[in-house]
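Tertiary structure, described
One-letter residues, chain by chain:
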Amino acid sequence: DAKTTQPTSMDCAEGRAANLPCNHSTISGNEYVYWYRQIHSQGPQYIIHGLKNNETNEMASLIITEDRKSSTLILPHATLRDTAVYYCIVRVNYGGSQGNLIFGKGTKLSVKP
Amino acid sequence: NAGVTQTPKFRILKIGQSMTLQCTQDMNHNYMYWYRQDPGMGLKLIYYSVGAGITDKGEVPNGYNVSRSTTEDFPLRLELAAPSQTSVYFCASMGGGAKQYFGPGTRLTVT
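Just so we're clear, the structure is a prediction, and the values are computed from it rather than from any experiment. (Residues numbered from 1 in each chain as written. Chains lettered and ligands numbered in written order. Predicted model: local features only at pLDDT ≥ 70, side-chain atom pairs only at ≥ 80, totals over all residues. Heavy atoms only, no water.)

Quick look at the overall build of chain B
Going by this rule: Elements are defined by DSSP. Helices are runs of H or I of four residues or more, strands are runs of E of two residues or more, and each kind is numbered from the N terminus. We compute the radius of gyration from the C-alpha atoms alone; for a globule the expected value is 2.2 Å times N to the 0.38, where N is the number of residues. The buried label applies to any residue whose accessible area, calculated with a 1.4 Å probe on protein chains only, is under 20% of its type's maximum; exposed applies above 50%, and partly exposed to all values in between. Here, two residues are considered to be in contact whenever any of their heavy atoms come within 4.5 Å of each other. Areas reported as accessible are Shrake-Rupley estimates using a 1.4 Å probe. Residue values count occlusion only from the protein chains shown. We treat Lys and Arg as the positive residues and Asp and Glu as the negative residues; His and chain ends play no part in the count. Charge placement uses NZ in Lys and CZ in Arg. For Asp and Glu, CG and CD serve respectively.
Across its full length, chain B carries 0 helices and 11 strands. Reading the helices (α) and strands (β) of chain B from amino to carboxyl end gives β-β-β-β-β-β-β-β-β-β-β. In terms of C-alpha radius of gyration, chain B reaches 13 Å, essentially the compact-globule figure of 13 Å for 111 residues. Taken along the three principal axes of its C-alpha coordinates, chain B extends 40 × 25 × 25 Å. For chain B, the proportion of its 111 residues judged to be buried stands at 45%. Residue pairs in contact within chain B that sit at least 24 positions apart in sequence constitute 53% of those at least 6 positions apart. Working note: accessible area of chain B is about 5,200 Å², and carbon and sulfur atoms make up 52% of it. Distance between charge centres in chain B, computed from 10 positive and 7 negative side chains, equals 7 Å.

In structure tokens, the structure reads:
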């Protein structure tokens with residue numbers, strides 16, 4: 001699995017957009033970019049994933065650069081409840097021995113009032 | 001639909017004791033996983049299963065065993081508990097959509 005690099009921590013003002021970057025310069029052609037978050041030691045929660053096109057769902061948007069070497073997770077209107085550790089993970093899109101999630105340390109996002 | 005459930009939520013073990021962490025999912029997912037998370041760290045994979053009767057080691061399997069007799073259940077067994085196994089344990093399941101759904105975790109302390 002490709003390795004990812006994320007900033008250790010970030011702050012964001014409540015109501016503003018939170019933009020979380022991730023570098024994955026060694027990503028393979030069949031690997032997807034996944035984002036999960038973990039709120040205060042709860043189980044990780046899936047946010048979004050994508051291959052090469054930008055993706056949007058009810059939680060967030062994912063912007064992947066054309067060369068796929070980096071991506072940005074966007075929380076459009078951050079709330080205090082979005083304070084969490086955010087993990088960027090690259091992996092193939094199926095289960096079994098190659099489908100495991102490899103978690104790094106992630107980015108601790110603090111949303112401030 | 002309860003998703004992934006784990007029991008117990010908390011447990012304190014003495015060194016050398018054994019216990020089983022329970023994990024059940026009601027989404028009919030084939031894939032199930034056990035992770036551990038040490039303080040301030042990311043998750044590490046202990047064992048995984050691709051279906052009933054099939055299990056395999058992850059990154060940190062030593063000191064643990066698993067079984068998968070049904071699609072729903074994936075218990076994790078700790079034999080001869082050691083202080084190094086103090087951690088938070090998460091179980092997860094995954095269906096065809098490649099999204100993993102996590103349980104609430106079991107906080108284990110070995111003293």
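Here the narrative resumes.
Details of the side chain of Q37 of chain B
Short version of the rule: Polar contacts, as used here, are pairs of N or O atoms within 3.5 Å; protein pairs need one atom able to donate a hydrogen and one able to accept it. Residues neighboring in sequence count only if both atoms are side-chain atoms.
For Q37 of chain B, the position within the fold is in strand β4 (residues 31–37). A polar atom in the side chain of Q37 of chain B sits 2.9 Å from the backbone oxygen of M41 of chain B. What Q37 of chain B contacts, discounting residues up to four positions off in sequence, is Q38 and Y87 of chain A together with G42, L43, S87, V88 and F90 of chain B.

Examining the nonpolar core
For clarity, the threshold we go by: In this description, a nonpolar core means a group of buried Ala, Val, Leu, Ile, Met, Phe, Trp, Tyr and Cys residues linked to one another through side-chain atoms lying within 4.5 Å.
Counting residues in hydrophobic clusters, the biggest one holds 21 residues, and the most contacted among them are W35, L73, Y86 and L109 of chain A. Those elements that provide at least two residues to this core are β2 (18–23), β3 (31–38), β4 (45–50), β6 (61–64), β7 (70–75), β8 (84–92) and β9 (107–112) of chain A.

Some details on the environment of I39 of chain A
Residue and element names in this part refer to chain A. Along the chain, I39 falls in the loop between β3 and β4. What makes I39 partly exposed here is its relative accessible area of 22%. Separated by 12 residues in sequence, I39 and L51 have C-alpha atoms that sit 25 Å apart. Leaving out residues up to four positions away in the same chain, I39 has contacts with R81, T83 and A84.

Thoughts on the pairing of strand β9 (residues 87–94) of chain B
Residues and elements named next belong to chain B. To keep it simple, the criterion reads: The criterion for strand pairing is that DSSP finds at least two bridges linking the strands in question.
For β9, the tally of buried residues reaches 8 of 8 residues, placing the bulk of the element in the interior. Judged by which residues are buried, β9 turns out to be covered on both faces: S87, Y89, C91 and S93 on one side and V88, F90, A92 and M94 on the other are all buried. Bridge count for β4 against β9 is 7 bridges, and the pairing is antiparallel. Across the sheet, W34 pairs through a bridge with C91, a residue of β9. Where β9 meets strand β11 (residues 106–110), 3 bridges bridge the pair, whose relative direction is antiparallel. Residue pairing in the sheet places V88 in a bridge with R107 of β11. Inspection of the sheet shows β9 paired to strand β10 (residues 100–102) by 3 bridges, in the antiparallel sense. Bridge pairing links S93 to Y101 in β10.

Some points on the interface of chain A and chain B
The accessible area lost on association of the parts is a frequent measure of interface size. What counts, and what does not: Buried area, as used here, totals the accessible surface that two parts lose on assembly, with accessibility defined by a 1.4 Å probe and the loss added over both. Three classes are used, and their members are as follows: Ala, Val, Leu, Ile, Met, Phe, Trp, Tyr, Cys and Pro are nonpolar, Asp, Glu, Lys and Arg are charged, and the others, Gly among them, are polar.
Each partner contributes to the interface: chain A provides 21 residues, whereas chain B provides 21 residues. When the buried area of chain A at its contact with chain B is split by residue, P44, N100 and F103 of chain A rank highest and sum to 26% of it. The interface formed by chain A and chain B holds 3 residue pairs in polar contact (both at pLDDT 80 or more) in total. Listing elements by their share of the side of chain A that touches chain B, those giving two or more residues are β3 and β8 of chain A. With 3 residues, β3 of chain A is the single largest residue contributor to the side of chain A that touches chain B. The residue inventory of the side of chain A that touches chain B, partitioned by class, reads 8 nonpolar, 11 polar and 2 charged.

Notes on the state of the cysteines
Put simply, the test is: Criterion for a disulfide: a pair of cysteine sulfur atoms within 2.5 Å.
Counting across every chain of the model gives 2 disulfides over all chains. Paired by a disulfide, C22 of chain A and C88 of chain A hold their sulfur atoms 2.1 Å apart. Its S-S torsion of about -80 degrees marks the bond between C22 of chain A and C88 of chain A as left-handed, since a negative value means left-handed. With a gap of 66 residues between them, C22 of chain A in strand β2 and C88 of chain A in strand β8 connect regions that are remote in the sequence. Comparing C22 of chain A with C88 of chain A, the two get one shared label, buried. Each sulfur in the disulfide pair C23 of chain B and C91 of chain B lies 1.8 Å from the other. Judged by the sign of its S-S torsion, about -70 degrees, the bond between C23 of chain B and C91 of chain B is left-handed.

A word on the confidence of the model for chain B
The line we're drawing: Note on scores: pLDDT gives the predictor's confidence for each residue, bounded by 0 and 100.
On average, residues of chain B carry a pLDDT of 93, and 99% of them reach 70 or more. Within chain B, strand β5 (residues 43–51) of chain B has the poorest average pLDDT of any element, 91, and strand β3 (residues 19–25) of chain B the best, 98.

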